[in-house]
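So the chains spell out like this:
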Amino acid sequence: MRFHLKPVRVGLIGAGRMGSFHAENLAWRVPGAILAAVADPQPGAADALTNKLGVAKAYSDLHALLQDPEIEAVAIAAPARTHAEWVIAAAEAGKHVFCEKPMAVTLEEADRAIAAAKAAGVVLQVGFNRRFDSGFAAAIAAVKAGENGTTQLSRSLTRDPGLHDPSRIPQWTIFLETLIHDFDTLLHFNPGAKPVEVYALADALVRPDFKDKGLLDTSVVTIRFDNGAIATAEANFQAVYGYDVRGEVFGSKGMLQAGHINVNNCVRYHQDGIAIETSRMDSDLLREAYVAEMAEFARCIRSGETPRATGEDARNALVIALACIDSVQQQQPIKLGGR
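The structure presented is a predicted model; accordingly, all values stated were derived computationally and were not measured.

1. Section: the packing of helix α4 (residues 83–92) against helix α5 (residues 107–120)
Then comes step 1: Where α4 contacts α5, the two axes come as close as 8 Å, and the packing angle between them is 15 degrees. Taken together, the axes of α4 and α5 are roughly parallel relative to one another. Relative to α5, the crossing made by α4 is left-handed. For the pair α4 and α5, the contacting residues are A84, V87, I88 and A91 in the first and E109, R112, A113, A116, A117 and A120 in the second.
Then comes step 2: Here the contact of α4 with α5 is composed, by residue class, of eight nonpolar, no polar and two charged.

Structural data, given as structure tokens:
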């Protein structure tokens, strides 16, 4: 669909690393959208970003941005544990909402956020960027079209490139903020099926000295679905070779793989062997996906379409993440029927 209407005026909440990246995309790269304002409570943070990007409005009061009548939509990149409250506040202010994952960290929060968006009649899209990566999108489309047959086994993994400051990582981050991507992927690798059992193993293997402070930096999760399929999700906070995101779905008609770590397609053959350059940041590995998800957000606002990554999708992935927490605490598999 071509944009024949004026671009969507988006206000950004949160000027940290990911917020700044979204800001650059909205200012320079996203068709159908324009960055109109930035809000961040840290003194000078919003001003610094707007000055860099040539954006007119900077707020230190986040609610002031929500009350700005020129802002049609907001992109939420605030600290993860505050996302649900800002989704609700933005929806109640009549703004369309793009929210970085996780949308919420409790089911009650998720339900309130979804209900607020529905009551306001606004678009609610969640930042499951992997679904906008060309490889993952093609695999999911093939599964949904039946080309891979019935899903029997699937796998998704996230290995971050470095654990720099473990003291700043909230408890259960590995499930609520990292593996939440993988849970969403695995649900879409097995469409129509429901998870019925979750078993999670987790430990602090990268920084064992922080385990007694609640850090878990390594995990493997097994998920069983009601159609008999089995899935595994894996995460680690320090892959020294780069940012590693991959997925695989094995079905009755074949197998699909998605994801890579290459910066580009150049392979170097020389006297020391064979080498490739690897991505070291999510914003590098998934750069095109980040732009595509925000372009879809703008398009859905203008067209009335439903985005492919919805609040309900965020809730479905959160159910698995919360079961993982229960599983680690109880050291046993968790049945999902009653959550």
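2. Structural notes on the pattern of salt bridges
Then comes step 1: Scanning the entire structure with this criterion turns up 26 salt bridges.
Then comes step 2: For R299, the salt bridge is made with E305, and the minimal N-O distance between the two is 3.7 Å.
Then comes step 3: Judged by its relative accessible area of 22%, R299 is partly exposed.
Then comes step 4: The exposure class assigned to E305 is partly exposed, which follows from its relative accessible area of 37%.
Then comes step 5: A network of salt bridges, in which partner residues are shared, links R155, R159, E234, D244 and R246.

3. Comments concerning the sheet that holds strand β2 (residues 33–39)
Then comes step 1: Strand order across the open sheet formed by six strands is β3-β2-β1-β4-β5-β6, with parallel pairing between neighbours. Pairing within the sheet leaves two strands with one partner each, and these edge strands are β3 (57–59) and β6 (124–126). The average undirected angle you get between the axes of adjacent strands in this sheet is 25 degrees.
Then comes step 2: Of the pairings in the sheet, the one linking strand β1 (residues 8–13) to β2 comprises six bridges and is parallel in character. Residue V10 lies in a different strand from β2, and its bridge partner there is L35.
Then comes step 3: Set on the sheet, α4 makes contact with β1, β4 (73–76), β5 (96–99) and β6; between it and β5 the angle comes to about 165 degrees.

Cut-offs applied
Residues numbered from 1 in each chain as written. Predicted model: local features only at pLDDT ≥ 70, side-chain atom pairs only at ≥ 80, totals over all residues. Heavy atoms only, no water. Axes fitted to C-alpha atoms, helices over the stretch in contact; angles between N-to-C directions. Helix = DSSP H or I, 4+ residues; strand = E, 2+ residues; numbered from the N terminus. Parallel < 35°, antiparallel > 145°, perpendicular 65-115°, else oblique. Left-handed = near helix turned anticlockwise from the far one by under 90°. Contact = heavy atoms within 4.5 Å. Nonpolar A, V, L, I, M, F, W, Y, C, P; charged D, E, K, R; others polar. Salt bridge = Lys/Arg side-chain N within 4 Å of Asp/Glu carboxyl O. Buried < 20%, exposed > 50% of the residue type's maximum accessible area, 1.4 Å probe, protein only. Pairing = 2+ DSSP bridges.

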